[in-house]
Amino acid sequence: MKIKPRTFSDYASIGFPAGMLMVFFVIPFGIMIAVSFFQRVQGAFYEPAFVFDNYARFLTSFFGGILGFSIGLAALVAVVSVLLAFPFTYILTRMARRTQVVWLVFLLSVLSLSEVLIGFGWSTLLSRTAGISNLLVAVGILDKPMSLSPSFGAVMTGMVYQTFPYTVLVLFPALSRLDPSLVEVARTLGSGPVRSFLNVVVPALRNSIVSTLIMVFVFALGCYLLPQLLGKPSHWTLSVLITDQAIYQSNMPFAAAMAVFLVLVSLSLVAISLLYGKKENAA
Amino acid sequence: MDDIKKGISRRSVLAGIAGGSAVAMAGIAGFPGVVRAQEKSLKIGAYGGYFKDSFDKHIFPEFTKATGISVESIAQPTGEAWLVQLEQAARAGQAPADVSMISQVSMLRGSAAGIWAKLDPAKMPNIENVMPSFINKYDDGSVCGVGAVTWYITLVSNSDVIAQAPSSWEELWKPDRAGQLGLLALVTNSFLLDVTAKTYFGGQEILDTEEGIMKVMDKLAELKDNVQLWYRDEAQFEQALKSGEIPMGQYYHDVAGLAAADGYPVRSTFPKEGGINDSGSWAVSKASEKLDLAHVFIDFMSQPEIQTLLSRKVGTSPTVARAKTSLTDAEFASVSSEIEPIIPRYDMYQQRADWLSQKWTELIVS
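So, how was this worked out
- Residues numbered from 1 in each chain as written.
- Chains lettered and ligands numbered in written order.
- Predicted model: local features only at pLDDT ≥ 70, side-chain atom pairs only at ≥ 80, totals over all residues.
- Helix = DSSP H or I, 4+ residues; strand = E, 2+ residues; numbered from the N terminus.
- Contact = placed C-beta atoms within 7 Å.
- Buried ≥ 20, exposed ≤ 12 C-beta atoms within 10 Å, placed from the backbone.
- UniProt positions renumbered as here; feature names shortened; annotations may be inferred.
- Expected span 1.5 Å × (residues − 1).
- Arc of directions from axis to C-beta.
- Core = buried A, V, L, I, M, F, W, Y, C linked by C-beta atoms within 7 Å.
- Domains from an automatic or database assignment.
- Nonpolar A, V, L, I, M, F, W, Y, C, P; charged D, E, K, R; others polar.
- Pairing = 2+ DSSP bridges.
- Right-handed = clockwise from strand over helix to strand, strands pointing away.
- Axes fitted to C-alpha atoms, helices over the stretch in contact; angles between N-to-C directions.
- Parallel < 35°, antiparallel > 145°, perpendicular 65-115°, else oblique.
- Left-handed = near helix turned anticlockwise from the far one by under 90°.

**Student:** Explain the overall build of chain B to me, please; I cannot follow it from the model alone.
**Tutor:** The helix and strand inventory of chain B stands at 16 helices and 10 strands. Long-range contacts, defined as pairs at least 24 residues apart, comprise 72% of the intrachain contacts of chain B with a sequence gap of at least 6.

Written out as structure tokens, the structure is:
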């Protein structure tokens, strides 16, 4: 049974989170929107104004292409992460409590690694001089060691490595709450383990899967170090260019305009998928 | 406030232990020393890594010994990143460092935005030694920066992988260098437009017009297939160069020398067209409240003996005339070259900043 909040004091408990959200999200985001309309002073910094130049500069096929690539990359990372993490988490939730704890602690420790460490780690692992291709040579699969980074594959590997533990942790509660009798029924009725997983477990958790996809997508969209450390310039995402403008060209207004655009695009994608999800539920 | 105090005392103890300087004594002795260190201390920014380590080890302790002013050194990122941080902090009335070493493109941008404190030459008699071209001034003629060190970006190679030292920047365009180069990723710190103009277009005059710059960019586009890594972060290339993963590229002569001295198979060559000569200036953030101490520091650093020490220990080239230093021929040759250097067209990077960065990004990304 739901109890509806009636008085002002009923709302007080959300006062603190709301305040934090205000101070650390709404206000900074508002400042960023304001800066995105400021006038860039070439060769120096910027001054307050209300101009659309920064958005106009962004609306070109060049930046359109980069925006498209960034969104595609983040979506692909989200899909691959969920494809890997969903079966993994399912199996994990069936294991003994002790094993689960060990795995979760391990995943949490991977999550605590900084992007810099992950980037440098993978660039060494994928290098010609010290990387895993040397192992492949030793086994006899390759003739001579080769450099696997920078490349698109390297960017994908690094990013999926980074998002995988996150994905598992997001999926874990939903999967561990899944009623085991659902699968038992399917098995009793003659489904094999794979079939019951695909026909029962996956559809039952469709909403969790969609929301996880969205969370990982947004997480991956903000990634800027890995594409830069593991990718060629053609794999640089919009986040990399935002950093370039903000940090290296001291062009805050243009960086802010690109960032606002990126946030709006990702918010609308999230909104679309939520709407779609609602319709599905209603149907 | 308490937190800040704690931060400073902990750091000054750490810095002191690392430097073996008087600060360590003060820190270990207890609170009175810490309080004194806070009264006469300067936060000084130097590029993080080998560069700052050398300053911490060889230069700052000398300064503290001579003046009693303790130094809290701040690892600053290369180039513009630090400028942006200084500028943002100055807007909030903060100074992450009192004195910083600032490269020339950043000096110009900072001057245009007016973030540097005006310096008083009368308080710094030693800056007479510094060559006039290394003194930065505001439009009204007041001094805002004093040449700290100059450095070269040269052609570096891994001597295990590339037996013959390259002799010209043309080497970057050779087809057999495919996938072997590491170059700086930004137009304002790679200075590759200047290099290409000097190497293929008979000089930097072609960079006067947008048309000319586009021609130079077209030529640069030809070497894109050779580039394995466009790096923003020095450490990224340094590691790959040492291991031979990326055996050639452009890099800082001084840091390459330090790596070679540590036994890595790294060599730095001045190409026949000249190395790229850039310089760093000491500048004081307008938000700093320690302008007086900053004057003492800049004056100290402008002495010919200290410039000599910098060349010997950090590997930079002096900003005072060579004749004033006690560098031997061999020592001077190790930090500089007789070949006429390529001096970047700072005016171009300043005036066409946004257009250049846009064209440059399109050049390397597409």
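**Student:** Help me out: how do you make sense of the overall build of chain A in this one?
**Tutor:** Tallying secondary structure elements over chain A gives 14 helices and two strands in all. Across its three principal directions, the C-alpha atoms of chain A cover 75 × 70 × 35 Å. Within chain A, the proportion of its 283 residues that are buried is 30%. By sequence separation, contacts in chain A at least 24 residues apart represent 68% of the contacts at least 6 residues apart.

**Student:** Sorry if this is basic, but what is going on with the UniProt feature "domain: ABC transmembrane type-1" (unreviewed entry) in chain A here?
**Tutor:** As annotated by UniProt and renumbered to match this structure, "domain: ABC transmembrane type-1" (unreviewed entry) occupies residues 67–273 of chain A. Counting secondary structure, residues 67–273 of chain A comes out at 78% helix and 0% strand; the distance between its end C-alpha atoms is 19 Å.

**Student:** Help me understand the UniProt feature "transmembrane region" (unreviewed entry) in chain A in this model?
**Tutor:** All names here are of chain A. This chain's UniProt record puts "transmembrane region" (unreviewed entry) on residues 12–38, 58–89, 101–119, 154–175, 209–231 and 252–276. When the span residues 58–89 is considered, its composition is 94% helix and 0% strand, and the gap between its end C-alpha atoms is 41 Å. Secondary structure across residues 154–175 divides into 100% helix and 0% strand, with the first and last C-alpha atoms of the span separated by 30 Å.

**Student:** In this structure, what is going on with helix 16 (residues 353–365) of chain B? I would like to understand it.
**Tutor:** In an α-helix, one turn spans 3.6 residues, which is why side chains three or four residues apart end up on the same side. Residue and element names in this part refer to chain B. With 13 residues, helix 16 extends 18 Å between its outermost C-alpha atoms, agreeing within 8% with the 18 Å of an ideal straight helix rising 1.5 Å per residue. Of the positions making up helix 16, those classed as buried are A353, L356, S357, W360, T361 and I364. Buried residues of helix 16, seen end-on, are gathered within an arc of 130° and therefore sit on one face of the element. More than 90 degrees from the buried face of helix 16, the exposed residues found are W355 and E362.

**Student:** What am I meant to see in the nonpolar core here?
**Tutor:** Looking at soluble globular proteins, one finds that nonpolar side chains tend to be buried together. A220 and M258 of chain A together with V99 and F297 of chain B are the most contacted members of the largest nonpolar core, which has 146 residues in total. Per-domain counts for this core show at least three residues from each of domain 1 (43–150 + 278–335) and domain 2 (151–277 + 339–365) of chain B. Setting aside its immediate chain neighbours within four residues, A220 of chain A contacts A74, V77, A78, M159 and T163 of chain A.

**Student:** Would you take a moment to explain the interface of chain B and chain A for this structure?
**Tutor:** Often the size quoted for an interface is simply the accessible area lost on bringing the parts together. Chain B puts 27 residues into the contact, and the matching count from chain A is 24 residues. Among the secondary structure elements, those contributing two or more residues to the side of chain B that touches chain A are helix 5 (80–91), helix 6 (104–113), strand 7 (227–231), helix 10 (234–243), helix 15 (346–351) and helix 16 of chain B. Taken together, the residues of the side of chain B that touches chain A break down into 12 nonpolar, eight polar and seven charged.

**Student:** How do you make sense of the pairing of strand 1 (residues 41–47) of chain B when you look at a structure like this?
**Tutor:** The side chains of a regular strand alternate between the sheet's two faces. All names here are of chain B. Within strand 1, seven of the seven residues are buried, leaving the element largely enclosed by the surrounding structure. Burial of the side chains of strand 1 extends over both faces: S41, K43, G45 and Y47 are buried on one face and L42, I44 and A46 on the other. Here strand 1 runs beside strand 2 (residues 70–76); their pairing, made up of seven bridges, is parallel. Looking at the pairing, A46 lines up with A75 of strand 2. Chirality of the crossover, the property in question, places the unit of strand 1, helix 4 (residues 50–67) and strand 2 among those that are right-handed. Summarising the sheet, strand 1 and strand 3 (residues 99–103) pair through two bridges and their orientation is parallel. Counterpart to G45 in the pairing with strand 3 is S100.

**Student:** When you look at the packing of helix 4 of chain B against helix 13 (residues 304–313) of chain B in this model, what are you seeing that I'm missing?
**Tutor:** Any two packed helices are characterised by the angle at which their axes cross and by the distance between the axes. Residues and elements named next belong to chain B. Two elements in contact, helix 4 and helix 13, have axes separated by 10 Å at closest approach and are oriented at 140°. Relative to helix 13, the element helix 4 lies oblique. Like other packed secondary-structure pairs, helix 4 and helix 13 cross with a definite hand, here right-handed. Counting all contacts with helix 4, which are made through S54, H58 and I59, the residues of helix 13 involved are L309, L310 and K313. Per-class residue counts for the contact of helix 4 with helix 13 are three nonpolar, two polar and one charged.

**Student:** I'm lost on the packing of helix 8 (residues 152–177) of chain A against helix 11 (residues 206–221) of chain A in this one. Help?
**Tutor:** Residue and element names in this part refer to chain A. Look at helix 8 against helix 11: their axes get within 10 Å of each other, and the N-to-C directions meet at 150°. Considered as vectors, helix 8 and helix 11 are oriented roughly antiparallel to each other. Helix 11 is crossed by helix 8, and the crossing has right-handed handedness. Between helix 8 and helix 11, the contacting residues are M159, T163, Y166, T167, V170, L171 and A174 on the first element and S208, T212, M215, V216, F219 and A220 on the second.

**Student:** In this structure, what is going on with the domain arrangement of chain B? I would like to understand it.
**Tutor:** Residue and element names in this part refer to chain B. Domains assigned within chain B are domain 1 (43–150 + 278–335) and domain 2 (151–277 + 339–365). Computed from C-alpha coordinates alone, the two centres of domain 1 and domain 2 are separated by 25 Å. Counting residues at the interface gives 17 residues for domain 1, matched by 17 residues for domain 2. Sorting the residues of the side of domain 1 that touches domain 2 by element identifies helix 4, helix 6 and strand 5 (143–158) as the ones contributing at least two each. A total of three residues in the side of domain 1 that touches domain 2 trace back to one element, the largest contributor, which is helix 6.

**Student:** Could you clarify how one ought to interpret unusual backbone geometry in this entry?
**Tutor:** It is generally the case that most residues other than glycine have a negative phi and that most peptide bonds are trans. Residues S149 of chain A and P150 of chain A are joined by a peptide bond in cis, for which omega reads 0°. Phi at S250 of chain A is positive, roughly 45°, even though this residue is not glycine. Structurally, S250 of chain A can be placed in the loop between helix 13 (238–248) and helix 14 (252–282). Overall, the presence of 25 C-beta atoms within 10 Å leaves S250 of chain A in the buried class. Although it is not a glycine, F191 of chain B adopts a positive phi angle of roughly 55°. If you trace the backbone, F191 of chain B turns up in the loop between helix 7 (187–190) and helix 8 (192–200). The exposure class of F191 of chain B is buried, given the 23 C-beta atoms found within 10 Å.

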